[in-house]
Amino acid sequence: MKIVKSFLIFLIVLTFHSVTFAQNGQVQGRVIDQTNNEPLPFANVIVKGTTIGATTDFEGRFLITGLNPGFIVLEATYVGYKNTTSAEVQVTNSKVEFIEIRMQNAGIALQEVEVKANPFVRTEESPLSLQKLGVSEIETSPGSNRDISRVIQSLPGVGSGVSFRNDVIIRGGGPSEATFYLDGVQIPTINHFATQGSSGGAVGILNADFISSVDYYSGAFPANRGNALSGVFEFTQKEGNKEKIKFRGSLGASEVSMTADGPAGEKSSFIVSARRSYLQFLFDAIGLPFLPTFNDYQLKWKTRFDKRNELTIVSIGSLDQFKLNTGIKEPTEDQEYILSFLPVNEQWSYAIGAVYRHYKTNSFQTLVLSRNMLNNISYKYPENDENQARILDYASREIENKLRFENNIRYGDYKFVYMVGAEYAKYNTTTFQKLFVGNELINLDYKSDLNLFKYNASAQLSKNFMNDRLTLSAGLRTDFNNYSSSMMNPLEQLSPRVSASYVLTEKWAVTANVGRYYQLPAYTTLGYRDTNGQLVNKDNEIKYIAANHYIAGIQYIPRDELFFSVEGFIKQYDNYPFSLKDSINLANKGADYGVLGNEAVISSGKGRAFGFEVVNRSKLKSGTNLIVSYTFVRSEFEDKNQKLIPSSWDFRHIGVITLTQNLKKNWIVGAKWRFDGGLPYTPYDLEKSALIEAWNAQGGVYTDFNRLNEKRLDPFNQLDIRVDKKYFFEQWSLMVYLDIQNVYNYKSKGQDNYVREKDDNGNFITTDNNTKYVLRGIPNTSGTVLPTIGIMVEF
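The structure displayed is predicted, hence computed values, not measured ones. (Residues numbered from 1 in each chain as written. Predicted model: local features only at pLDDT ≥ 70, side-chain atom pairs only at ≥ 80, totals over all residues. Heavy atoms only, no water.)

For the rest of this paragraph, the subject is the overall build of the chain. Per the secondary structure count, the chain includes nine helices and 47 strands. For 795 residues, the compact-globule estimate of 2.2 N^0.38 gives 28 Å, and the C-alpha radius of gyration of the chain, at 27 Å, lies within 12% of that figure. Its C-alpha atoms put the chain at 90 × 65 × 45 Å along the principal axes. Considering the chain as a whole, with its 795 residues, one finds that 57% of them fall into the buried category. (Helix = DSSP H or I, 4+ residues; strand = E, 2+ residues; numbered from the N terminus. Rg over C-alpha atoms; globule rule 2.2 N^0.38 Å. Buried < 20%, exposed > 50% of the residue type's maximum accessible area, 1.4 Å probe, protein only.)

Looking now at the sheet that holds strand 17 (residues 211–217). With mixed pairing, the five strands of this open sheet are ordered in space as 10-17-18-13-14. Two strands bound the open sheet, and with one partner strand each, they are strand 10 (130–134) and strand 14 (185–187). Averaged over neighbouring strand pairs, the angle between their axes works out to 20 degrees when direction is ignored. (Pairing = 2+ DSSP bridges. Axes fitted to C-alpha atoms, helices over the stretch in contact; angles between N-to-C directions.)

In this section: the pattern of salt bridges. All chains considered together, the criterion is met by 60 salt bridges. Ionic pairing is found between Lys 300 and Asp 183, a salt bridge with its closest N-O pair at 3.3 Å. Highlighted residues: Lys 300 in strand 22 (residues 290–306) and Asp 183 in the loop between strand 13 (178–182) and strand 14, separated in sequence by 117 residues. Among the residues examined, Lys 300 registers a relative accessible area of 6% and is labelled buried. Owing to a relative accessible area of 17%, Asp 183 belongs among the buried residues under this scheme. Its salt-bridge partner being Glu 239, residue Arg 304 comes within 3.2 Å of it at the nearest N-O pair. (Salt bridge = Lys/Arg side-chain N within 4 Å of Asp/Glu carboxyl O.)

Right, let's talk about the pairing of strand 10 for a bit. In terms of residue burial, strand 10 counts as a mostly covered element, since four of its five residues are buried. As defined by bridge partners, strand 10 adjoins strand 17 across five bridges and the pair is classed as antiparallel. Note on strand 17: the bridge partner recorded for Lys 132 is Asp 215.

So, about helix 5 (residues 333–341). Residues of helix 5 that are buried: Gln 335, Tyr 337, Leu 339 and Ser 340. Looking at the buried side of helix 5, the elements it contacts are strand 23 (309–324), strand 25 (363–380), helix 9 (692–698), strand 43 (748–756) and strand 46 (775–782). (Contact = heavy atoms within 4.5 Å.)

Our next topic: the environment of Ile 791. Position of Ile 791 relative to the elements: it lies in strand 47 (residues 786–794). In contact with Ile 791, not counting residues within four places along its chain, are Gly 249, Ser 250, Leu 251, Leu 734, Met 735 and Val 736.

For the coordinates displayed, the defined rule picks out 34 aromatic pairs. Aromatic side chains Trp 695 and Tyr 773 sit 6.4 Å apart centroid to centroid with 75 degrees between the ring planes, which places their arrangement in the edge-to-face category. Highlighted residues: Trp 695 in helix 9 and Tyr 773 in strand 45 (residues 772–773), separated in sequence by 78 residues. The same class applies to Trp 695 and to Tyr 773, which are both buried. Grouped by ring-pair contacts, the aromatic residues Phe 180, Tyr 216, Phe 233 and Phe 235 constitute a single cluster. Here the basic side chain of Lys 463 rests over the ring of Phe 465, its NZ or CZ set 4.3 Å away from the ring centre. For Arg 756, the ring lying beneath its charged end belongs to Tyr 773, and the centroid distance is 5.0 Å. (Phe/Tyr/Trp six-rings, centres within 6.5 Å; stacked < 30°, edge-to-face > 60°. Lys NZ or Arg CZ within 6 Å of the ring centre and 35° of its normal.)

Okay, the pairing of strand 38 (residues 667–676) next. Bridge count for strand 37 (residues 652–662) against strand 38 is nine bridges, and the pairing is antiparallel. For Thr 660, the partnering residue across the bridge sits in strand 38 and is Gly 670. What sits between strand 37 and strand 38 in their antiparallel hairpin is a turn of four residues, with Lys 665 showing a positive phi close to 60 degrees. Pairing of strand 38 with strand 41 (residues 716–728), which is carried by 10 bridges, proceeds in the antiparallel orientation. Pairing of Ala 671 across the sheet is with Ile 721, part of strand 41.

Further remarks concern the side chain of Ser 269. Along the chain, Ser 269 falls in strand 21 (residues 268–277). Excluding its chain neighbours within four sequence positions, the residues that come into contact with Ser 269 are Glu 239, Gly 240, Asn 241, Lys 242, Gly 262, Pro 263, Ala 264, Lys 300, Trp 301 and Lys 302.

Counting 27 residues, the largest nonpolar core has Ile 152, Phe 233 and Phe 235 as its most contacted members. When contributions to this core are tallied by element, the ones reaching two or more residues are helix 3 (148–151), strand 13, strand 17 and strand 18 (231–237). Setting aside chain neighbours within four positions, we find Phe 235 in contact with Ile 148, Ile 152, Phe 180, Tyr 181, Leu 182, Asp 183, Ile 190, Leu 206, Ile 211, Ser 213 and Val 214. Leu 40, Ala 54, Leu 74 and Ile 99 belong to the second-largest nonpolar core, a separate cluster that totals 19 residues. (Core = buried A, V, L, I, M, F, W, Y, C linked by side-chain atoms within 4.5 Å.)

Looking now at the sheet that holds strand 2 (residues 44–47). The four strands lie next to each other as 3-2-6-7, forming an open sheet whose pairing is antiparallel. Two strands lie at the open edges of the sheet, namely strand 3 (53–55) and strand 7 (84–85), each paired on one side alone. Of the pairings in the sheet, the one linking strand 2 to strand 6 (residues 74–77) comprises four bridges and is antiparallel in character. Within strand 6, the position partnered with Ile 46 by the bridge is Glu 75.

So, about unusual backbone geometry. At Asn 145, a residue that is not glycine, the phi angle is positive and equals roughly 50 degrees. Within the fold, Asn 145 resides in the loop between helix 2 (135–139) and helix 3.

Structurally, the position occupied by Gln 365 is in strand 25. Owing to a relative accessible area of 11%, Gln 365 belongs among the buried residues under this scheme. A polar atom in the side chain of Gln 365 sits 2.8 Å from the side chain of Asn 407. Those residues in contact with Gln 365 that sit more than four places away from it in its chain are Tyr 356, Arg 357, His 358, Lys 360, Phe 405, Glu 406 and Asn 407. (Polar contact = N/O pair within 3.5 Å; in protein donor to acceptor, adjacent residues only side chain to side chain.)

Have a look at this one:
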């Protein structure tokens, strides 16, 4: 804590000795029609909450000068168009920010137009179960350390498994049920050291310097967004500076990064970054038994050829390296436990995509071409002795090449979006693993190559009625592929959805959605083979996983900056992969490191999740930003006896309060309190685990799936606080923050870990004619006060 005290003293001294500069912040941008990209001349643009503003020229361009540094939102008004608020912008003295404001034609007689701009407005397709985050909420989220993957865990209905992972668990669904888009390009993973076949990992890949906003759908998915059962995330990136190249260097809790953005000729701009972690040095210094290193890059290039045509290229990539710290002298029991079971896991991945957009009078067309790849290696030596044969030797690659065409048409009060897409996917693996199944030690040893052609198509029609009081939207989607005859039939995966919203009064509205959604099982499941080389799961005729959603809600918006909603939801699952080895639904797995789905399954799993969600969001002129949410959720899946029991994600209660306050002299303070109900867990089978053959096969204990989720952990709660201070000079800016996680040092208790007893000579004690180890439980607690410091310099 001495470092924290010194840091605070540094901030205070710097505050009193910093120079105060004039209001030199500037914002420039364009106001355009969101459908045809035509500029809107003479539109009024003001800084929300002030009278400062400007009027656009004939090209729809505007420039606002003399701004105080900080986060602002712009509001645009134009005759015949709906009032529109922009995404948040962070203004500094050192560079001119650029923002594009897309306005929607009101579509009705001018004298009837009376539509206020509101930062919480949803879309026609998704009038409920949609939340938006702006740049200030991303940059200053307490407890997140500017990790986007942790920021989204603060959203309503999102549960988190364990504190050291970034799993995305939405409204009682499994951690593999979300999909992610970056500027319209679908990306398979957003985390380093990702669990293959699931969503979680250790640290987020996306750089917060890039992200301007996040749209999060927990239901009512647009028809052009598929392969999701519980959530869709749309990440929108910033554009590069239009005037000159600028740099930002960041030193965070675990990594150092450099970002550059600027113009590339008259029509193009770019933003690019690279990051490298230094965790391996910190972990080695404090004696942790594993030493991870992650590296990543991120790129966006945008070219506007003319007002009708533009091209955006985006790319992200990661390189994750890992080794065990076997050089620890006299390791503790906790260190021994981790070293015993933890394999070495190394990954690299990338995604790159081009988004071409062409605008017409009443429509725009989008063509997306992308490729992504994941290379995953995992291995384990018995007792970490490299002179012995490996008990786990796994290598795989997933490659996807995607082409998607969308046409977005708006004519009066009608909006029609249709999409067609195709993918060519390759999956290959070389797998060797020792397994102890029943009372027998077997070797799982196979190679697999899988080539898939996948196709999808969708259409969605939306219409406003009664002067925008009633909005209806209906969509239909299908996905199919050549894996099997049933999966190749597009009628088997028809995915209809209908949304409705009705404005009762100026402040009250009711909303509803019903839909059926499909998700393809993981490539690890599709490509699994037995020791004879058979595609077991193809023979088992596995299917797309399906979920029916039923959602209804009511919204109350008393003022532009206040939003309240209550939603009830039901999700009904079928065709979920059911493990033949463990006799459990795979929905209960996926929140641990390694690989999910590489086993024999049948598509017989059924389940449900239901509950309600209460949300309050406030963005006040005083600089207060508040998100309060409470989700009651029950999550249940069938066991081997076809009886519904609590799933591994049956939180029951998820509560999050996030508050940030802008103060004078560019100080920002914030706090986040989180409460998660205790999750169910399955006890260990200590009799089986004690068998020497069983233990040596995986280096640890076995779960007793005959007692699936029989126990429940205690509830979890944590308070995080954060203090930001920003200094804006003429040519550069300095931003520093102090983030303290788990302020009151809450200790969460998990199921005991187990180690093998040793004699005085350090040899493992055995019994029953040297067939069993003697196991001993050690307490499994986690949670500590974790202060971190971040420094960002922009010039």
